[in-house]
Amino acid sequence: MAMDRLSSLFKDLGVKPDKPKVLEARDIPSIAKYIKSNQCKNIMLMTGAGISTSAGIPDFRSKDTGLYANLARLNLPYPEAVFDINYFRENPQPFYTLAAELYPGYYRPTVTHSFIRLLAEKKLLHTCFTQNIDTLERVAGVPPSVIIEAHGSFATQRCIKCKQVFPDEEMKKLVLNAEIPQCHKCMGLVKPDIVFFGEGLPDDFTDAIPYLQYADLLIIMGTSLTVYPFAGLRSMVPATCPRILINLDKVSDIGSRPNDVVLLMDCDEAVRKLCDEIGDGWREELEELWKATEGSFTPRPEPKAAAPAEASKKENGRPKNHLVLEEEVARMAKKVEERSKAQADRAKAKHEKQVVPDVSTIDAKAVDEKDSKESALESSVHQPHQTPHYEDANSRPVVPGKEKPSLVHKAEEAKEEDKETVAGSK
């Protein structure tokens, strides 16, 4: 409504709204023509969970298909605790029961991941900023040198205490058995290099931000643009740089600049249409690259098929891919619940097998002295549980004192820009 009133006002005043100054129009043919031109040499990407859902990987926050909603049944103080660094230090088992289900190897890269590789092979991809931890860009063959995993990934792991790197194969074996890896050097807890709540973002992410000023084209795919500072990257490209949003829903301020294009569609469908429009064999190359990923994963056993009447009823009510995600999330949550219960049962059995000391042989005076010393020591070092510091309600938390001033400042500028955009449209 606000945009309609604004357009009417422009018409009454005889003023024409700004037309795209780089793209001929806000559509796929114009994007394709620009990519083929000599003007487009450095393409930057921002990707989120939406590019991996067609692979069967659920996101975390969706109401019906998100993992957080389905992990609520587990014995956690809150669902997100499974990725909280403070909770992990106290109880790493929930994370490792979930990690056994999320660990790379079970999922095939999507057509969109192969499109990213195609851009790299065409020498057009400068940097791919991704929020995903699934490593499917790497599996698809995208060079690691152009990938910035803003929230880390399962690709590497290290001790959270001494930072010693942990062997890949040993880590994989332990994780798939839902066992907790410990550092060979200091016996500290080992975790994948995934950014947990309460941790700072990787230096690679911060160091790569200046690249955005050289962007000729920014393509944003499958992300809600709500998690800062990642979401702020969209505002760091030049004002004349076309920004393309490929997503099921319109998000953020994309569409406010003259060279913005919003494509509300499935990511795989969009990149196929774009390759068709570019021509010159792009679509054929894309399909060949995707076909090459067929042997890159080990598929899980197919779930038992639903009765025909039930399946028909479900498919008439919701999109098929939505149902697939719901089934995968339910399977994951059930598996994690079973693993957690099995771990708890083993721990209980081990505790019950411990030898109970003969009370008559215990020196009561020695026990009293020991308890007194331990009580004094505990009171001197005990600290209350610290709640992780959050930059805002939707942001990934940053450890106080660890954040880079320039990065946080830019993220705040991006949020202010959102407010100004919304205010200006009213």
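Scroll up a little and you will see the structure.
Report on the accompanying structure.

Cut-offs applied
- Residues numbered from 1 in each chain as written.
- Predicted model: local features only at pLDDT ≥ 70, side-chain atom pairs only at ≥ 80, totals over all residues.
- Heavy atoms only, no water.
- Core = buried A, V, L, I, M, F, W, Y, C linked by side-chain atoms within 4.5 Å.
- Buried < 20%, exposed > 50% of the residue type's maximum accessible area, 1.4 Å probe, protein only.
- Helix = DSSP H or I, 4+ residues; strand = E, 2+ residues; numbered from the N terminus.
- Axes fitted to C-alpha atoms, helices over the stretch in contact; angles between N-to-C directions.
- Parallel < 35°, antiparallel > 145°, perpendicular 65-115°, else oblique.
- Contact = heavy atoms within 4.5 Å.
- Nonpolar A, V, L, I, M, F, W, Y, C, P; charged D, E, K, R; others polar.
- Salt bridge = Lys/Arg side-chain N within 4 Å of Asp/Glu carboxyl O.
- Polar contact = N/O pair within 3.5 Å; in protein donor to acceptor, adjacent residues only side chain to side chain.
- Left-handed = near helix turned anticlockwise from the far one by under 90°.

## Description of the nonpolar core
Counting 39 residues, the largest nonpolar core has Ile35, Leu45, Leu125, Met221, Ile244 and Trp282 as the members making the most contacts within it. Counting 27 residues, the second largest nonpolar core, distinct from the first, contains Ala99, Val175, Cys183 and Phe196.

## So, unusual backbone geometry
Looking along the chain, the bond that leaves Tyr228 and enters Pro229 is cis, with omega of 5 degrees. Looking at the secondary structure, you find Pro229 in the loop between β6 (217-221) and β7 (243-247). In this structure, Thr135 is a non-glycine residue whose phi angle is positive, near 65 degrees. Within the secondary structure layout, Thr135 lies in the loop between β2 (125-130) and α7 (136-139). Look at Thr135 and you get buried, because its relative accessible area is 6%. Notably, Met187 is not glycine yet its phi reads approximately 65 degrees, a positive angle. Structurally, Met187 is set in the loop between α8 (168-176) and β5 (190-194).

## Topic: the packing of helix α5 (residues 93-102) against α8
Where α5 meets α8, the closest approach of the two axes is 8 Å, and the angle between their N-to-C directions is 105 degrees. Considered as vectors, α5 and α8 are oriented roughly perpendicular to each other. Here Tyr96, Ala99 and Ala100 of α5 come into contact with α8, specifically with Met171, Val175 and Leu176. Residues belonging to the contact of α5 with α8 are distributed by class as follows: 6 nonpolar, no polar and no charged.

## Brief notes about the pattern of salt bridges
Within the structure shown, the criterion is met by 13 salt bridges. Residue Glu199 is joined to Lys191 by a salt bridge in which the shortest nitrogen-to-oxygen separation is 3.2 Å. We classify Lys191 as buried; its relative accessible area is 5%. A salt bridge links Asp276 to Arg283; the shortest N-O distance between them is 2.9 Å. Judged by relative accessible area, which is 45%, Asp276 ranks as partly exposed. What you see here is one network of salt bridges that share partners, running through Arg272, Asp276, Arg283 and Glu287.

## Focus on the side chain of Thr47
In this fold, Thr47 is placed in strand β1 (residues 43-47). At a separation of 2.9 Å, a polar atom in the side chain of Thr47 contacts the side chain of Thr130. In contact with Thr47, not counting residues within four places along its chain, are Ile116, Cys128, Phe129, Thr130, Gln131, Asn132, Glu137, Met221 and Phe230.

## What to know about the packing of helix α6 (residues 111-121) against helix α11 (residues 282-291)
In the contact formed by α6 and α11, the axes pass within 9 Å of each other and the chain directions differ by 120 degrees. As the angle between them shows, α6 and α11 are arranged oblique. Judged by the sense of rotation from one axis to the other, the crossing of α6 with α11 is right-handed. Listed contacts from α11 to Val111, Ser114, Phe115, Arg117, Leu118, Leu119 and Glu121 of α6 are Trp282, Glu285, Leu286, Leu289 and Trp290.

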